Amino acid sequence: MSQTNQISLTKAVLMGMNIMVGAAILAAPSIITSAAGDMGIFAWAVSLVFLPIVLSIMRLTQKEQKDGGIYAYAQDTLGRIPAFVGGSLYYFGYTFAAASVLSMLRMLLLVPFPQLFFIKNIFAFYTVALAVVATLNMVSLSVMSAIQIPAILLKFTPLFIVIAMFPFASSADFVFDLSKLGALPSALTMTIFGFMGFEYSLSLNR
């Protein structure tokens, strides 16, 4: 990485926080709760089985100092075909993940702004959203870090407000309904999704 495209450790940490605590944090808890009730809390614990994958990727980012992500990690040891398959699956996985986040963002915006044309019209929303995403993918890392810092503050402010209000909220007992255990796999998809951000964050050290 060139010296002009390097960022400080503080900015790297903030970018990592912004990546891992994505827009889904505003909607995932309600989706998990509606699917599995209070049993949904166990989905966060079960998803920790993916932690070894995160640790493995962390080691790979330290070992492989070249660009290419999953493709570069697999090419030297498994060959070009497995690397191509792994890289392609990872690419399409991120594509569908980005599409899911944009869809979730639109649903959240429809609540306070149901009549706003830009949000109500699905074609207008996704055209602008994809144009913004494509533009952001072409800017340098240093510019992206400068953009993300105010975004981090904007995203975390409501979370900090909710955490501060938690001691004053009325207490409610957890009710662990064992019949909801069958719904845990659907809740796991939301918690596992959070692990995708770890690899992207770890790649910042290259």
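In the block above lies the structure referred to throughout.
Each chain has its residues counted from 1, running along the sequence as written. Selection of residues for local features in this predicted model requires a pLDDT of at least 70, selection of side-chain atom pairs for listing and counting requires 80 or more, and totals for whole chains, interfaces and linings are taken over all residues. For side-chain calculations, the full set of non-hydrogen atoms in the structure is used, while hydrogens and water are omitted.

Student: Please clarify how the overall build of the chain should be interpreted in this entry.
Tutor: Each helix and strand counted, the chain has 11 helices and zero strands in total. Reading the secondary structure of the chain in the N-to-C direction produces α-α-α-α-α-α-α-α-α-α-α. Contact criterion: two residues are considered in contact whenever any of their non-hydrogen atoms come within 4.5 Å of each other. Relative to all contacts within the chain whose residues are 6 or more apart in sequence, the contacts with residues 24 or more apart total 74%. Note on areas: Shrake-Rupley with a 1.4 Å probe; residue coverage comes only from the protein chains shown. As displayed, the chain has an accessible area near 13600 Å², and 74% of this comes from carbon and sulfur atoms. Numbering of helices and strands starts at the N terminus; helices are DSSP runs of H or I of at least 4 residues and strands are runs of E of at least 2.

Student: Explain the packing of aromatic side chains here, please?
Tutor: To describe a pair of aromatic rings, you give the distance between the ring centres and the angle between the ring planes. For Phe, Tyr and Trp, where Trp contributes only its six-membered ring, two rings pair if their centres lie within 6.5 Å, and the inter-plane angle classes them as stacked under 30 degrees, edge-to-face over 60, or tilted in between. Under the counting rule described, the total for this entry stands at three aromatic pairs. An angle of 75° between the planes, with centres 5.4 Å apart, marks the rings of Tyr 91 and Phe 92 as edge-to-face. Judged by centre distance (5.3 Å) and plane angle (85°), the ring pair of Phe 125 and Tyr 126 falls under edge-to-face. Each residue's exposure class comes from its accessible area (1.4 Å probe, protein chains only) as a fraction of the maximum for that residue type: buried when under 20%, exposed when over 50%, partly exposed otherwise. Using a relative accessible area of 3% as the deciding quantity, one classes Phe 125 as buried.

Student: Which parts of the structure should I look at to understand helix H2 (residues 28-36)?
Tutor: Side chains of residues three or four places apart in an α-helix project in the same direction, reflecting 3.6 residues per turn. Where H2 is concerned, the buried positions are Ala 28, Ile 32 and Ala 36. All buried residues of H2 fall inside an arc of 35° around its axis, so they share one side. Phi for Gly 37, located one or two positions after H2, is positive at around 60°. Directions pointing from the helix axis toward each C-beta atom define the arc.

Student: I would appreciate a short explanation of the nonpolar core in the present structure.
Tutor: As a rule of thumb, soluble globular proteins bury nonpolar side chains together. Among buried residues, those of type Ala, Val, Leu, Ile, Met, Phe, Trp, Tyr and Cys that are joined through side-chain atoms within 4.5 Å constitute a nonpolar core. Core analysis: the largest hydrophobic core is formed by 10 residues, namely Ala 28, Ile 32, Ala 36, Ala 43, Met 104, Ala 183, Leu 184, Ala 187, Leu 188 and Met 190. Of all the secondary-structure elements, those providing two or more residues to this core are H2 and helix H10 (184-193). When sequence neighbours within four positions are dropped, the list of residues in contact with Ala 183 reads Ala 35 and Ala 36.

Student: Explanation requested: the environment of Ser 186 in the structure shown.
Tutor: Inspection of the secondary structure puts Ser 186 in helix H10. You can call Ser 186 partly exposed: its relative accessible area is 42%. The sequence separation of Ser 186 and Ala 43 amounts to 143 residues, and the corresponding C-alpha distance is 9.2 Å.

Student: I would appreciate a short explanation of the packing of helix H6 (residues 80-110) against helix H8 (residues 122-136) in the present structure.
Tutor: Pairs of packed helices are described in terms of their axes, by the angle between the two and the distance that separates them. For helices, the fitted axis covers only the stretch in contact; all axes are lines through C-alpha atoms, and the angles between them, taken along N-to-C directions, range from 0 to 180 degrees. Two numbers describe how H6 lies on H8: the axes approach to 11 Å, and their chain directions differ by 125°. Judged on the interaxial angle alone, H8 and H6 are oblique. The crossing of H6 and H8 is right-handed. Taking contact as the criterion, the partners of Leu 102, Ser 103, Leu 105, Arg 106 and Leu 109 in H6 are, on H8, Ile 122, Phe 125, Tyr 126, Ala 129 and Leu 130. In the contact of H6 with H8, the residues fall into eight nonpolar, one polar and one charged. Our angle categories are set so that under 35 degrees counts as roughly parallel, over 145 as roughly antiparallel, 65 to 115 as roughly perpendicular, and the remainder as oblique. Crossing handedness is defined as follows: a turn of the near helix away from the far one that is anticlockwise and smaller than a right angle gives a left-handed crossing, while the clockwise case is right-handed. Each residue is assigned to one of three groups, with Ala, Val, Leu, Ile, Met, Phe, Trp, Tyr, Cys and Pro labelled nonpolar, Asp, Glu, Lys and Arg labelled charged, and all others, Gly among them, labelled polar.

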